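Examining the three-dimensional arrangement
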Amino acid sequence: MSLGFKNKITIAFALSFIVVISISFWVYLTNLELVENNNLVSHSYYKSAKIDHFRLLIDHAEVLQNAFFENGKKNFLRLYEATIDSILDDIDYFKSLYVADKDHKNILDSLEDAIKLYILKSQNDINGFKRSRMKDYLARSQLEKENALLEIKHHIDSLNKVGETRLIERLDSLNSSSRKATATFIILVIINLVVLVISYFLLMNGTKKREAAEKTLRESESKLRTIINNVPTMIFVKDKNNKYIHVNNAFSNKTTLMENELINKTVYDFFPQEIAEKMDAEDKSVIANGEPILGIEELVDTREGKKWFLVSKVPFIDENGKVSGVVGVADDITLRKQAEEKLKESEQKLRELNASKDRFFSIIAHDLRSPFSALLGYAEILNSEEQIEQDDIKSFVTTIHSLGKSILDLLENLLTWAKVQLNGIDYSPECFSISEVIDNNIKLFKLVAEKKRINLLFTNNKDVKVFADKEMTNTVVRNLISNAIKFTRSSGNVIIDLEDKNRFAHISILDTGVGMNAEQVQQLFKIDKRASSLGTEGEKGSGLGLVLCKEFVEKNGGEIFVESIPNHGSKFSFTIPLDSSSVS
């Protein structure tokens, strides 16, 4: 009766199984013997090392005792006593190891007696030394101690010889076991074909485990990627060629560059040449040196404009411990840099303002001192006992009045300027007619202009509505018209023009007066360069009028301009916002 294929396979596997089990049991027994012999050899080596250590303890005790006799320090005595305790502990340990070994036991008993004799002699020496501290006392007992030491070392040598004999026997046994293990290995090689068949099934099982491990790895990678993508800090990874291989969501959000745009591309594909070269050099340095570069501030052009980033780069180490790229982290510090710039600008403006104020108050002090000195001089003359002509008194009083008015104008302008600096003047914008303000000021200065035979003209009577602080605007118009008349010669012209364009009213005051050079024009609105010039007929001013005009115009959202030619005249222009309801 022929066996079927399945039955043959079954019998083959059964026979293979029986053979493998038999050989495995034989291998097991052989390995047990090998392990036992190996342990005995290891134990013998350990005993030998322990005996050598014991010999060192004896020598160490002798050295410590001699050191104590040399200088009498108790530290050496305490160390000596601790060493003696270790020696006695080792004796007990040896006795426990060799309980069943008669040869070793006899040697150990003799060794213990010799050690106790040595300890007794040493203790007598120590006690005698403590009493007399005489070195000749030590000499008397030295011979007895040396004999005890020689006996101890003799017994230690005997232990070593017995141990070496046992070690040789065990090494022979170990070699025999090794030969048996080698024979076992050869037999196992013969039955490899049978094991391969069984291994097939193990391989199938291993494949399933590998697939499970790969699944676990993929899940772990997915979790790690999720964590990295949810970190608010920008993270990017590049290979050795400085090509992007991964960026997280924060990187994409901040730079507006998506991961699929970046993969396998370099910084040269996205950033200007100069910035890209700098980034590339940093990456190459990290890869070449294996050292991180930390805290780099980089200004980068993104699709949302220029942004500042604080970048750190570290080497990307692979599983073989080699640098295979760069890992970078970056934070958007644009707001911080903007705040720093604003702080610097504010600090610089504050320095300039303080310097201007210091210079200004120095000038003011001088301007106040001079007229007050003159006032005091006239007052002293009038207060003197000398007879003064009535005409002189009248002249003095006129001068005093003029000086007082000049001081009052200076103080009023100074107070107004100070209020502006401290935001002490209420800013109340409203809708009003700028044409009406100009007309009122023309009427105010009409007599002054006629007295100097100056033609005061308003060329555009069109009604223009503006939205600004009316009092501030009136002050600007009044100051500019006053200055134009002041510096225009007799028979000259002062022309006021008004236009509305680009959502602003443009007011110009043109005169045919003395004019100014470029240097004088540059100094006009600077508080620390304030200077008051006399008019064409000796008219005086405080020198603060134009400074206040600039402050008021800018307060209302406008600008002020000057054009001037020496001996031909000047043109002062300023703008203020139109009323929104009047803008088409």
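See above for the structure.
Residues numbered from 1 in each chain as written. Predicted model: local features only at pLDDT ≥ 70, side-chain atom pairs only at ≥ 80, totals over all residues. Heavy atoms only, no water.

1. Points about unusual backbone geometry
- For N502, which is not a glycine, the phi torsion comes out positive at approximately 55°.
- As for its placement among the helices and strands, N502 is situated in the loop between β9 (493–501) and β10 (504–511).
- Under the relative-accessibility criterion, N502 is labelled exposed at 66%. (Helix = DSSP H or I, 4+ residues; strand = E, 2+ residues; numbered from the N terminus. Buried < 20%, exposed > 50% of the residue type's maximum accessible area, 1.4 Å probe, protein only.)

2. A word on the sheet that holds β10
- Spatially, the five strands line up as an open sheet ordered β7-β9-β10-β12-β11, and their pairing is mixed. The open sheet has two free edges, formed respectively by β7 (455–458) and β11 (560–565), since each of these has just one partner strand. Taken pair by pair, the neighbouring strands of this sheet meet at an average axis angle of 15°, ignoring direction.
- Sheet analysis places β9 next to β10, joined by eight bridges and oriented antiparallel. Looking at β10, one finds that I495 is bridged to L510.
- Here helix α12 (residues 470–486) sits on the sheet in contact with β7, β9, β10 and β12 (569–577), set at roughly 175° to β12. (Pairing = 2+ DSSP bridges. Axes fitted to C-alpha atoms, helices over the stretch in contact; angles between N-to-C directions. Contact = heavy atoms within 4.5 Å.)

3. Some remarks on empty space enclosed by the protein
- Within this structure, the stated rule accounts for one cavity of 30 Å³ or more.
- Quantified by volume, the largest cavity comes out at close to 160 Å³.
- Going through the elements one at a time, β1 (234–239), α6 (249–255), β3 (293–302) and β4 (305–317) are the ones with two or more residues in the lining of the largest cavity.
- Split by residue class, the lining of the largest cavity holds ten nonpolar, one polar and three charged. (1 Å grid on protein atoms, 1.4 Å probe; cavity = no way out; pocket = protein on both sides within 12 Å on 5 of 7 lines; lining within 4 Å. Points joined across faces, edges and corners; volume = space filled by probe spheres on them. Nonpolar A, V, L, I, M, F, W, Y, C, P; charged D, E, K, R; others polar.)

4. Regarding the pairing of β7
- Burial along β7 is one-sided: L456 and F458 are buried, and none of N455 and L457, which face the opposite way, are.
- With four bridges joining them, β7 and β9 adopt parallel strand pairing. Within β9, the position partnered with L457 by the bridge is I495.

5. As for the packing of aromatic side chains
- Applying the stated criterion across every chain yields a total of one aromatic pair.
- With 6.2 Å between their ring centres and 70° between their planes, F236 and Y244 make a pair best called edge-to-face. Note on accessibility: F236 and Y244 belong to one class, buried.
- A cation over an aromatic ring shows up here: K337 above the ring of W308, its NZ or CZ 4.6 Å from the ring centre. (Phe/Tyr/Trp six-rings, centres within 6.5 Å; stacked < 30°, edge-to-face > 60°. Lys NZ or Arg CZ within 6 Å of the ring centre and 35° of its normal.)

Fair warning: the whole summary comes from geometry, so function is off the table for now.
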